[in-house]
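Listed below, chain by chain, are the residues.
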Amino acid sequence: MCETEVILSRLLDKYEKSKHLTAPGTSNRRVMLRVDRKELPEYCYEDASVRDAFNDAAARLVQQGLISVAWLKDRPVLSCVSLNLDRVSECYRLIGRMHPRERAAAVEAMLTQSLGQSSSEWISAWREDVQTEAHTHYRVPSYCRQELSFFADLLTAFHAYDALQGEAITMRAFSSKCYHDTKYFEHRIRDTFLRIALKYHTGLAAICTQGEVGVREQLAFLGIYARPELYEFSGNCGIITKTGVIDAAAAVPYGLALPSTGVDAILSVDLRDIRRIILIENKTNYDEYLLTEQTPEELVVYHGGFLSPQKRKWLSKLADARVPDVEAYFWADIDLGGFQMFAHLETILPGLRPMRMSGAEVTAYRSRGLKRSEDYLSALRAALEAGEYPLFCGAIERILEYGVTIEQEAFLST
């Protein structure tokens, strides 16, 4: 930037943080820039060429009536510069910068046009927050403060996502749908999209509190897949599709893996020979159970860490095929994340029971437990007092007693 742009940009930055923007006429304070190393480090008065260039720029701005200046006594060195509040709009135009009121109005209009009819609660919540800040305080998110082209691209992604109505899509297909470029979303939009989703999508926020959840897993939870998920299961059952029947019994005990893209093709699941459904969260424990414990009447399903939309569809199809006398069990880490997963899964499989997640297991495996911080234990204590996770009261009491939680892998060491 030239000297004129530097001076005006710094002054306008201060103006935008002052009451002069949000409540004109309520403050008598000047919008002033002290010419020192902190507020104007470019002004190196010891270098005559730099000093004179800034002095000349300041003098021209004074002549135009845009600023006023003060000088060090008896020296050609600037002391401070102040913005003429009656000529603010001209300052914005001179350096090609949009006034906050204009930018806020533009952001509001773009949001209304693109997402005014959004059916996604979390997208609507984000839109309303941004519009409120823009309308009330003329503040917009950092990704709107320069060119609005990025914001327009972000809105394109939100609009396209909302139009999916919960249907799954691969990330490259989504990017092509939005931008006619298979990699643009991943390279330019994805990270901001996820930051917003993590703040406003309560389900995504909840799974991220359970542990380390990568970018691909977060997107998959929202229904945008880097590649199709694989849903592993083993048991004497049949998967009926439009083109035939997949006999899973032939793959026992090793099981099969169903791609997430194939879930929509499933018409029904034949569970006539199944008396018990067992969902296991940890992959190693799942594999070990198949080889050492699975019985002919059990359907064993690898659950994984969270329920993406397609995985929820898959489990819902199993739930629809389950007859009343078929029991369902869930085995996960004996910790807050495991309790939360159980609660989510119980909405799909009513009557779900915990498996190897009692207080007795905490006691038995406490020597191999994972020591927890006081903050973590306080959260569990609060959950217990609030009556959350009633099926795990005994386990929570033992966790609080010993200060440890039990990971599923502990069961493999016996």
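Residues numbered from 1 in each chain as written. Predicted model: local features only at pLDDT ≥ 70, side-chain atom pairs only at ≥ 80, totals over all residues. Heavy atoms only, no water.

What follows deals with the sheet that holds strand 1 (residues 32–34). Taken in spatial order, the three strands make up an open sheet running 1-3-2, and their pairing is antiparallel. The open sheet terminates on both sides in strands that have one partner only, identified here as strand 1 and strand 2 (67–71). Pairs of neighbouring strands in the sheet enclose a mean axial angle of 20°, with direction left out of account. One ladder, built from five bridges, connects strand 2 with strand 3 (residues 78–83); its direction is antiparallel. Looking at the pairing, Val69 lines up with Val81 of strand 3. Against the sheet, helix 3 (residues 48–63) touches strand 2 and strand 3, its axis set at about 135° to strand 2. (Pairing = 2+ DSSP bridges. Helix = DSSP H or I, 4+ residues; strand = E, 2+ residues; numbered from the N terminus. Axes fitted to C-alpha atoms, helices over the stretch in contact; angles between N-to-C directions. Contact = heavy atoms within 4.5 Å.)

Ordered in space as 9-6-12-11-13-14, the six strands form an open sheet in which the pairing is mixed. Two strands in the sheet have a free side with no partner beyond their single neighbour: strand 9 (256–259) and strand 14 (353–354). Strand direction decides the pairing type here: strand 11 (residues 276–280) and strand 12 (residues 298–302), joined by five bridges, are parallel. When the sheet's bridge partners are listed, Ile280 is paired in strand 12 with Tyr302. Contacting strand 6 (230–234), strand 11, strand 12 and strand 13 (327–331), helix 12 (residues 283–292) runs over the sheet at an angle of about 155° to strand 12. Along the sheet, helix 14 (residues 336–346) makes contact with strand 11, strand 13 and strand 14, crossing strand 13 at roughly 155°.

Interhelical geometry of helix 8 (residues 171–179) versus helix 9 (residues 184–200) gives an angle of 85° and a closest axis separation of 9 Å. Here helix 9 runs roughly perpendicular to helix 8, going by the angle between their axes. Residue-level contacts link Met171, Phe174, Ser175 and Tyr179 of helix 8 to Tyr184, Phe185, Glu186, Ile189 and Arg190 of helix 9. (Parallel < 35°, antiparallel > 145°, perpendicular 65-115°, else oblique.)

Quick look at the environment of Glu361 now. Residue position: Glu361 is located in helix 15 (residues 359–364). Accessibility expressed as a relative area gives 19% for Glu361, which makes it buried. Each C-alpha atom, one on Glu361 and one on Val300, is 21 Å from the other, the two residues being 61 residues apart in sequence. Aside from chain neighbours lying at most four places away, what touches Glu361 is Ile334, Arg356, Ile406 and Phe411. (Buried < 20%, exposed > 50% of the residue type's maximum accessible area, 1.4 Å probe, protein only.)

Its volume calculated, the largest pocket comes out at about 810 Å³. Surrounding the largest pocket, 35 residues form its lining, Glu217, Glu281, Gly304, Gly305 and Phe306 being those nearest its centre. Sorting the residues of the lining of the largest pocket by element identifies helix 11 (215–222), strand 6 and helix 14 as the ones contributing at least two each. Per element, the largest residue contribution to the lining of the largest pocket is five residues, and it comes from helix 14. Taken together, the residues of the lining of the largest pocket break down into 14 nonpolar, nine polar and twelve charged. If you add up the space inside the second largest pocket, you get close to 660 Å³. Considering the residues around the second largest pocket, the lining is formed by 22 residues, among which Asp13, Glu16, Arg97, Pro100 and Arg145 are closest to the centre. Contributing elements (two or more residues each) for the lining of the second largest pocket: helix 1 (3–16), helix 2 (19–22) and helix 5 (100–115). (1 Å grid on protein atoms, 1.4 Å probe; cavity = no way out; pocket = protein on both sides within 12 Å on 5 of 7 lines; lining within 4 Å. Points joined across faces, edges and corners; volume = space filled by probe spheres on them. Nonpolar A, V, L, I, M, F, W, Y, C, P; charged D, E, K, R; others polar.)

Moving on: the packing of helix 16 (residues 374–385) against helix 17 (residues 393–402). It is at 10 Å that the axes of helix 16 and helix 17 come closest, and there the two elements cross at 145°. For helix 16 against helix 17, the interelement crossing comes out left-handed. Along its contact with helix 16, which presents Leu377, Leu380, Arg381 and Leu384, the element helix 17 presents Cys393, Ile396, Glu397, Ile399 and Leu400. A breakdown of the residues in the contact of helix 16 with helix 17 according to their chemical character gives seven nonpolar, no polar and two charged. (Left-handed = near helix turned anticlockwise from the far one by under 90°.)

For the coordinates displayed, the defined rule picks out 23 salt bridges. One salt bridge in this structure joins Glu133 and Arg139, with 3.5 Å as the shortest N-O distance. The class of Glu133 is partly exposed, set by a relative accessible area of 32%. Among the ionic contacts, a cluster of salt bridges with common partners joins Arg276, Glu298, Glu327 and Arg353. (Salt bridge = Lys/Arg side-chain N within 4 Å of Asp/Glu carboxyl O.)

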